[in-house]
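A closer look at the structure
If you want the building blocks of each chain, they are given just below.
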Amino acid sequence: MLIKSTMSSIKTTNAKLFAVIFCLLFAYLHSNPMNGNSIRGVEQWINMTNSMFYGNKDFLFSYGPLYWLTGGTVTQYSELTYWLSLTFMSLVAATFWFLLIKLTKSIHAWCAFIIVFFLYLNNLMFPSVFLLWPFLLVVLFENHKGVKRQGMALPYSLKIIIFLGLVTGAFFYVRFLYGMVAAATFGSYFLYKSIQYKKPGVIFYFVIALFLAYVAVGLAIFHDLVSMKDYITINSQLNFGNAVDMTYDNVLPIGIYIAFIIIFFAMNLFLISHYPALILTFNGLMIIFIKLGFGRADHYLNYFIIPISVIAMITCFNSRKRWFGVFVTVLGSLVFISFVPVVAGFSIAKPFYKHEDFSKSPEQRIAEKYKNYLLPESILAIIGKASVDVYPYNNEFVFANHLNYKNRPLFQNYMTLTPILDKMNQHYFESNNRPEFVIWHAGQNCFNETCNSFEGFDGKYALNEDPLTTNAIMLNYHVVQHFIDKNNKPVMLLQANKGLVHYQPNISFSGNEKFDRWIDVPNSVHGIVKIIPRFKLTNYAKMKNLMFRGDVLYVHYLLYSGEEKKFRLNILNAGSGVLASPLLNSFPYVGDKVKKIKFTATSSNYFYPEFKYSWENLSLENMDIHSSYPGEIISSPDYEGERTSASCEGYLESVKFSAQNNQRQVSIVGWSKVPLAEDTAPDDIFVHNVDEKGKEYFVRTRIVAREDVASHFKNNKLRLTGFEVQYELPEVTGENALGLAVLQGHKFYTCKNLSYRYR
């Protein structure tokens, strides 16, 4: 009777403690914003985590379709989802803190608790909470009196095992990583117990419950059954691709690796003595957290330092104080890795405060956040209610303009990290289910209208990040219009062609080459040339990709102008084709001819030194690709319309001649607008030279922004009317007239009133 009374008292105390922690967290989280946005960022997934509530398109990404429960959305779908999200986060965080406090209290390990809290847990809610509650729970199981007496009785019932399997299966849909870590934690622990007690049902029932929960929740939230499989495929590919190509070009100091080794041996020494059932669990989590924290090298605090610091507290959950030295050793290694501990303040709770105006619809609230992505009325008139996708990632255009969003499977180009994911996008754009329009905008590193419209972040080039996707877009869509948006960035609108083109490269590896050696690029009359390299990874590289991260691969372009460009490549997608020529730099599809191309790597033991390659010609008849480069002398520009002689508004502000190595050079600066057009800047400006016999040549200039011209005419559309160029003068005889010519669409004008005479 006394034992029953004591057990009842303990349960009541535990329930009260959990309730207090839950209420504190509920009030604390309620005072903090639970939403964000992707302005000036590349986290466009945040705009789609409410997808399960509208439309018929499933949201498949590393952040799951239920990620809105964690507050990870640009705006909560409704007031109900707001309170559900708040409750869910409070429950998970309360579970974490309840388990940690209960374990700490049972052995009076408050010293370790205070140290870890002061250094790293100085916030009641942080990302590691969703990763660590399963580990704390299995530690609690191991501290059960029945286990400590080394009896055969398990500290948990079949109902608990099934319940944890169901929760773990559902957690995959909150975020795939959360489900994976929970499955690894419980799975490794229950596997050990199945072997230890010769009870295979322990792990069997857990796995069955996990599977059933995954299927049941998937059926409830997905529109298509195949999405359950695709969700796993996409996440497995993203995980691998992240480790190989979403990395920084940096080298970890040797001391970091020494700290890893110290933590590994110290913790395993303790676990062998006190918690052998957790050896497999700890080492599995150690590998996961190293890969998560240091794969990209900027996530180490939340995905390695904090989780391992909490796990290290297990060394203090015993009565033998000498093991405190293990805790100090591990924590010292973590402090060394992190260098400086972070101490953050606490927010003041504001009861029942809502951070959004729920009287407005979610569509209104999200549109208000993205006002800078409003499209011109002329573009909206063209699109109408037709379906649209956005490339490479700024789907803010869709939500700001209430467009009919029909996104490709991998809706951010920089996350289309493997050929499998790239092919999913390719097949989408080559199908009858494709969107009618694609909004193609300049990348994140573009800050004005003269930027390289195809340059990505992390030093990459958009057309090389997901080559099969961009092939499918360029072959199956045509440019309708290009313009400058409210963020001062170039944008072009593409519309689907009537027919479908299914891209299938005709690969014949006819060439062999080595890294860091130039390869001559063949000419292409129509379209673009791609090189398809077949790089071979060493066994070391394969192991490094699997266990840690990839290396860095670069492509170099030598232009006919003599300029060299360098971009980082995606290792996994490079085999699907690398753009060779022309190197596109502005909309719509304008670029420079490439003379040679080469590949370099930062490591000598990651790739085999030799590789085979093949050339592929992508025929793009409707593309307006300029074959000349600024400063190149050509007989005539490429244009389809008529040539007209007209009076142009403009000025040759500076014409300077010089001599270098017995070769005359000329440097020209000025501006010019399109004749007879009040508010139009030219697509291209050329120097036009005519000698005394009437023989002529043209030189394409480099367009530059002219704020003074736009200010003079009080028209911001005339900012891109400036030009500059420097080139070597050919042999001339007699008097020459150096003037200007401008190209706008299909109209080509030679300016009869702007000329400079020289001999």
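Keep in mind that what you see is a predicted model, and the values were worked out from it rather than measured.

Conventions adopted
Residues numbered from 1 in each chain as written. Predicted model: local features only at pLDDT ≥ 70, side-chain atom pairs only at ≥ 80, totals over all residues. Heavy atoms only, no water. Helix = DSSP H or I, 4+ residues; strand = E, 2+ residues; numbered from the N terminus. Buried < 20%, exposed > 50% of the residue type's maximum accessible area, 1.4 Å probe, protein only. Areas by Shrake-Rupley, 256 points an atom, 1.4 Å probe, with all protein chains shown as cover. Disulfide = S-S within 2.5 Å. Patch = residues over 30% accessible without salt bridge, like charges linked within 9 Å, V, L, I, M, F, W, Y side chains within 5 Å. Salt bridge = Lys/Arg side-chain N within 4 Å of Asp/Glu carboxyl O. Pairing = 2+ DSSP bridges. Arc of directions from axis to C-beta. Polar contact = N/O pair within 3.5 Å; in protein donor to acceptor, adjacent residues only side chain to side chain. Contact = heavy atoms within 4.5 Å. pLDDT = per-residue confidence, 0-100. Axes fitted to C-alpha atoms, helices over the stretch in contact; angles between N-to-C directions. Nonpolar A, V, L, I, M, F, W, Y, C, P; charged D, E, K, R; others polar. Parallel < 35°, antiparallel > 145°, perpendicular 65-115°, else oblique. Left-handed = near helix turned anticlockwise from the far one by under 90°.

Quick look at the overall build of the protein chain now. Helix and strand counts for the protein chain stand at 21 helices and 25 strands. If one aligns the C-alpha atoms of the protein chain with their principal axes, the spans along those axes are about 115 × 60 × 45 Å. The buried share of the protein chain, reckoned over its 759 residues, is 55%. Summed over its atoms, the accessible surface of the protein chain is roughly 33,700 Å², and 58% of this surface lies on carbon and sulfur atoms.

Looking now at the state of the cysteines. Scanning the model with the defined rule gives 2 disulfides in all. With its sulfur 1.9 Å from that of its partner, C446 forms a disulfide with C451. Between C446 and C451 the disulfide shows an S-S torsion of about -80°. By sign, it is left-handed. On the accessibility criterion, C446 (2% relative accessible area) is buried. According to the relative accessible area criterion, C451 is buried, its value standing at 14%. The partner cysteine of C648 in its disulfide is C751, sulfur to sulfur 2.0 Å.

Turning our eyes to something else, we now look at a nonpolar patch on the surface. Residues L158, I162, L166, F204, Y205, I208, F211 and L212 make up a contiguous nonpolar surface patch of about 730 Å² in total accessible area. Residue assignment for the nonpolar patch shows that the elements contributing at least two residues are α6 (158-171) and α8 (201-221). Structurally, F204 is set in helix α8. Residue classification places F204 among the partly exposed residues on the basis of a relative accessible area of 49%.

Here we come to the sheet that holds strand β7 (residues 519-520). One open sheet holds the 4 strands; their spatial order is β7-β14-β9-β10, and the pairing between them is antiparallel. The open sheet terminates on both sides in strands that have one partner only, identified here as β7 and β10 (564-569). Relative to β10, strand β9 (residues 553-559) runs antiparallel, the two being bridged by 6 bridges. Across the sheet, Y557 pairs through a bridge with K565, a residue of β10.

Inspection of helix α20 (residues 539-547) places A541, K544 and N545 among the buried residues, and these make up the whole buried set. When α20 is viewed along its axis, its buried side chains cluster within an angular range of 100° and face the same direction. Seen from the open side of α20, the exposed residues pointing more than 90 degrees away from its buried face are N539 and L546.

With that out of the way, let us pick up the side chain of Q412. The residue Q412 is located in the loop between β2 (404-405) and α17 (419-429) in this model. For Q412, a relative accessible area of 1% puts it in the buried group. Within the structure, the side chain of Q412 is placed 3.3 Å from the side chain of Q44, a separation counted as a polar contact. Once residues within four sequence positions are removed from consideration, Q412 is found in contact with V42, E43, Q44, W45, F61, P392 and Y393.

Turning next to the confidence of the model for the protein chain. Confidence in the prediction for the protein chain averages 86 pLDDT; 92% of positions are at 70 or higher. Within the model, the stretch residues 146-152 combines pLDDT values under 50 with 11 contacts to residues more than four positions away or in other chains. Low pLDDT (under 50) marks residues 340-351, which in the prediction has 20 contacts with non-local residues, meaning those over four places away or in another chain.

Another aspect to go through is the packing of helix α2 (residues 79-107) against helix α3 (residues 110-119). Where α2 contacts α3, the axes come no closer than 8 Å and their chain directions differ by 140°. On the side of α2, the interface is formed by W97, L100, I101, T104 and K105, while α3 contributes W110, F113 and F117. Here the residues of the contact of α2 with α3 are counted per class, giving 6 nonpolar, 1 polar and 1 charged.

What follows covers the sheet that holds strand β18 (residues 650-660). Spatially, the 4 strands line up as an open sheet ordered β18-β19-β23-β22, and their pairing is antiparallel. Each having just a single partner strand, β18 and β22 (702-704) make up the two edges of the open sheet. The sheet shows a mean angle of 20° between the axes of neighbouring strands, direction not considered. As paired strands, strand β19 (residues 663-672) and strand β23 (residues 722-728) are joined by 7 bridges and run antiparallel to one another. Bridging from a neighbouring strand, Q665 pairs with E728 of β23.

What follows covers the pattern of salt bridges. One pass over the full model with this rule turns up 19 salt bridges. Taking the shortest distance from any N to any O, the salt bridge between D389 and R408 comes out at 2.9 Å. Of this pair, D389 sits in strand β1 (residues 387-391) while R408 sits in the loop between β2 and α17, and the two are 19 residues apart along the sequence. On the basis of relative accessible area, D389 is assigned to the buried category, the value being 0%. A residue is classified by how much of its surface remains accessible, and R408, at 0% relative accessible area, is buried. What emerges from the salt-bridge pattern is a single network uniting E449, E707 and R719.

Before going further, it helps to spend a moment on the packing of α6 against helix α7 (residues 176-196). Where α6 meets α7, the closest approach of the two axes is 8 Å, and the angle between their N-to-C directions is 155°. By the angle between their directions, the pair α6 and α7 is classed as roughly antiparallel. Judged by the twist between their axes, the crossing of α6 over α7 is left-handed. Across the interface between the two elements, I161, L164, T168 and F171 of α6 pack against Y178, G179, A182, A183, F186 and F190 of α7. Residues that form the contact of α6 with α7 fall into these classes: 8 nonpolar, 2 polar and no charged.

This part is about the pairing of strand β21 (residues 696-700). Within β21, 4 of the 5 residues are buried, which leaves the element mostly enclosed by the surrounding structure. Pairing analysis gives 5 bridges linking strand β20 (residues 684-690) to β21, with the strands arranged antiparallel. Paired with F686 across the bridge in β21 is R700. Linking two consecutive strands that pair antiparallel, namely β20 and β21, is a turn of 5 residues; a positive phi of about 90° is found at G694 within it.

Assignment of secondary structure puts K193 in helix α7. Remark: the alpha-carbon pair of K193 and I203, spanning 10 residues in sequence, is separated by 8.1 Å.

Glancing now at unusual backbone geometry. A cis geometry characterises the amide bond from Y391 onward to P392, with omega recorded as 5°. P588 follows F587 through a cis peptide bond whose omega is -10°. Tracing the chain through its elements places P588 in the loop between β12 (583-586) and β13 (590-592). The phi dihedral of D516 falls on the positive side, at around 65°, and the residue is not glycine. Along the chain, D516 falls in the loop between β6 (511-514) and β7. For D516, a relative accessible area of 48% translates into the label partly exposed.

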